[in-house]
Amino acid sequence: MLILGIDTSCDDTSAAIVEDGGKIISNIVSNQDEIHEKYGGIVPELASRRHIEMIWPVVREAMNKANASFRDISAIAVSHGPGLIGSLLVGVCFAKSLSFVNKIPLIAINHLEGHMLSIFLEATPEFPFVALVVSGGHTNIYIVNGFGQYTEVGRTRDDAAGEAFDKVSKLLGFGYPGGPVIDALSLKGDPSAINFPRASIRGCYDFSFSGLKTAVLNYIKKKPQTPKEDIAASFQAAVVDVLTDRAVEVATKKGINRIVLSGGVSANSALRKKIKLVAEEKEIDVLLPSPHLCTDNAAMISLAAFHHFINGNIADLSLNPKAYMPLVSADG
Ligand code: KG4
Ligand code: ZN
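All residue numbers refer to position in the chain's written sequence, counted from 1. Following the order in which they are written, the chains are lettered starting with A and the ligands numbered starting with 1. Only residues with pLDDT of at least 70 get local features here, since the model is predicted, and only at 80 or more are side-chain atom pairs given and counted; chain-wide, interface and lining totals rely on the full set of residues. Remark: hydrogens and water are excluded; side-chain values derive from all non-hydrogen atoms of the structure.

Caption draft 1: Summary view of the site of ligand 1. A molecule or strand has a residue near it when one of that residue's heavy atoms lies within 4 Å. Near ligand 1 lie 21 residues; those nearest to it are Gly136, Asp166, Gly179, Asp183 and Asp296. Within 3.5 Å is the distance limit for a polar contact, defined as a pair of N or O atoms, with the added protein rule that one can donate a hydrogen and the other accept it, and that residues adjacent in sequence qualify only through two side-chain atoms. Taking Gly179, its main chain carries an N or O atom lying 2.9 Å from an oxygen atom of ligand 1. Asp296 has a polar backbone atom sitting 2.9 Å from an oxygen atom of ligand 1. Only the protein chains shown count as cover for residues, and the accessible areas themselves come from Shrake-Rupley with a 1.4 Å probe. Within the complex, the protein chains bury 91% of what would otherwise be the 550 Å² of accessible surface of ligand 1. Those elements that place two or more of their residues in the shell around ligand 1 are α4 (111-117), α5 (161-171) and α6 (178-186). By definition, any uninterrupted DSSP run of H or I lasting at least four residues is a helix, any uninterrupted run of E lasting at least two residues is a strand, and each is numbered from the N terminus. The leading source of residues in the shell around ligand 1 is α6, at 4 residues. Per-class residue counts for the shell around ligand 1 are 6 nonpolar, 12 polar and 3 charged. In this document the domain limits rely on a domain assignment from an automatic tool or a database. When residues are assigned to domains, the shell around ligand 1 turns out to be shared by domain 1 (2-116 + 294-309) and domain 2 (125-288), each giving three or more. Any residue that is not Ala, Val, Leu, Ile, Met, Phe, Trp, Tyr, Cys, Pro, Asp, Glu, Lys or Arg is counted as polar, Gly included; the first ten are nonpolar and the last four charged.

Right, here's the structure in full:
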């Protein structure tokens with residue numbers, strides 16, 4: 001069974017074909033980095049215009065690479081939130097049109113569920129597991145008891161971890177997206193050069209990154225001669241410590257011995273190393289998607305859709321995108 005997935009939730013136009021809920025046949029991602037780079041962040045209007053230009057070529061390439069025609073496609077899946085509303089609208093309208101014209105069932109997917117399940121494109125972790133979803137817009141921790149069974153136990157109170165990477169990159173005079181820039185710069189810096197704050201919120205598993213961002217800003221103002229590599233590495237170490245501690249704490253307290261990472265920030269080399277090291281000391285397994293499946297891609301949307309499709313969870317043409325859309329269990 002082939003599912004065509006479409007994701008235009010933010011600044012990547014992506015289409016993929018996944019077979020039987022796991023095997024990637026094609027996964028095309030067209031990024032817009034060169035458009036937004038000079039602004040130090042995503043310009044929503046430019047993002048949606050570019051999606052309009054790219055959606056058909058990207059879908060066509062995914063179909064061609066899979067050597068498939070619409071007759072071969074069992075369902076069309078699309079991210080309908082959360083994300084930038086103008087960007088989401090392009091993917092949702094396009095998927096609805098394809099579904100209507102070709103009489104193929106439409107499946108609505110929460111983009112966060114796509115990230116959370118992306119590991120299933122490469123591995124089959126047993127349930128339950130702790131899911132740390134860290135992207136440009138979200139930093140959430142869930143307990144996952146099965147497909148469609150998600151309980152959120154922690155979230156950021158302000159900035160997402162990826163947003164903090166992007167803002168610090170901008171403060172240091174580099175472009176968007178900031179994560180890969182800071183990751184590379186940090187390899188040449190000293191992570192213990194500056195002791196940036198590691199925020200913790202008493203009595204819960206929530207995160208806060210806005211204080212860290214302000215601390216970096218103040219530090220740069222006060223000591224502008226500090227090597228950028230040291231600032232980057234010290235900032236990254238603070239984010240990595242907080243993400244690692246919180247995910248391992250949830251797993252330990254809930255008695256779950258598996259942590260699954262996802263979202264763009266989980267491509268971070270320091271985070272991948274540290275969380276494995278700390279968790280494995282406590283006999284907790286850590287599963288990491290390959291870096292190209294951590295960032296936005298439509299294969300994860302096709303994969304998540306498989307489980308909705310076999311449960312008869314089909315959307316209709318009244319489907320609309322939503323910028324804000326918490327991930328809740330299938331039974332509400
Ligand atoms: O999951 P994603 O592609 O899109 C969203 O759903 O937001 O995540 C994008 C975020 C950006 O903030 C980007 O800077 C960050 O992921 N990112 C990284 C790395 N690669 C991407 N952050 C840290 N280290 C990386 N290597
Ligand atoms: Zn994403």
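Alright, that's what it looks like, and here's the rest.
Caption draft 2: Region of the structure containing the pattern of salt bridges. Any carboxyl oxygen of Asp or Glu that lies within 4 Å of a side-chain nitrogen of Lys or Arg is treated as forming a salt bridge with it. For the coordinates displayed, the defined rule picks out 12 salt bridges. Between Arg198 and Asp241 there is a salt bridge, and its shortest N-O distance comes to 2.9 Å. Of this pair, Arg198 sits in the loop between α6 and α7 (210-222) while Asp241 is found in helix α8 (residues 228-254), placing the two residues 43 residues apart along the sequence. We call a residue buried when its accessible area falls under 20% of the maximum for its residue type, exposed when it is over 50%, and partly exposed in between, using a 1.4 Å probe and counting protein chains only. Taking the relative accessible area as the measure of exposure, Arg198 reaches 32% and is therefore partly exposed. Of the charged contacts, one joins Glu280 and Lys276 as a salt bridge, the two residues approaching to 3.6 Å between their closest N and O atoms. Taken as a pair, Glu280 and Lys276 lie in helix α9 (residues 269-281) at a separation of 4 residues, close to a single helical turn. Accessibility expressed as a relative area gives 42% for Glu280, which makes it partly exposed. Look at Lys276 and you get partly exposed, because its relative accessible area is 32%.

Caption draft 3: Local environment of the environment of Ile17. Among the structural elements, Ile17 can be located in strand β2 (residues 12-19). Judged by relative accessible area, Ile17 falls into the buried class, the value being 0%. With 274 residues separating them in the primary sequence, Ile17 and Pro291 have C-alpha atoms 19 Å apart. Residues within four places of Ile17 in sequence aside, it is in contact with Leu2, Ile3, Leu4, Lys23, Ile24, Ile25, Ser26, Ala62, Met63, Ala66, Ala68 and Ile73. Whether two residues are in contact is decided by their heavy atoms, any of which lying within 4.5 Å being enough.

Caption draft 4: Expanded view of helix α11 (residues 299-310). In this analysis, the expected span of each helix is defined as 1.5 Å times one less than the number of residues it contains. Compared with the 16 Å implied by 1.5 Å per residue over 12 residues, the 17 Å span of α11 between its first and last C-alpha is a close match. Counting buried residues in α11 gives 11 out of 12 residues, a clear majority hidden from the surface. Along α11, the residues classified as buried are Ala299, Met300, Ile301, Ser302, Leu303, Ala304, Ala305, Phe306, His307, His308 and Phe309. In this structure, the buried side of α11 is in contact with β1 (2-7), β2, β3 (23-31), β4 (73-81), β5 (106-110) and α4. A positive phi of about 75 degrees marks Gly312, the residue just after α11.

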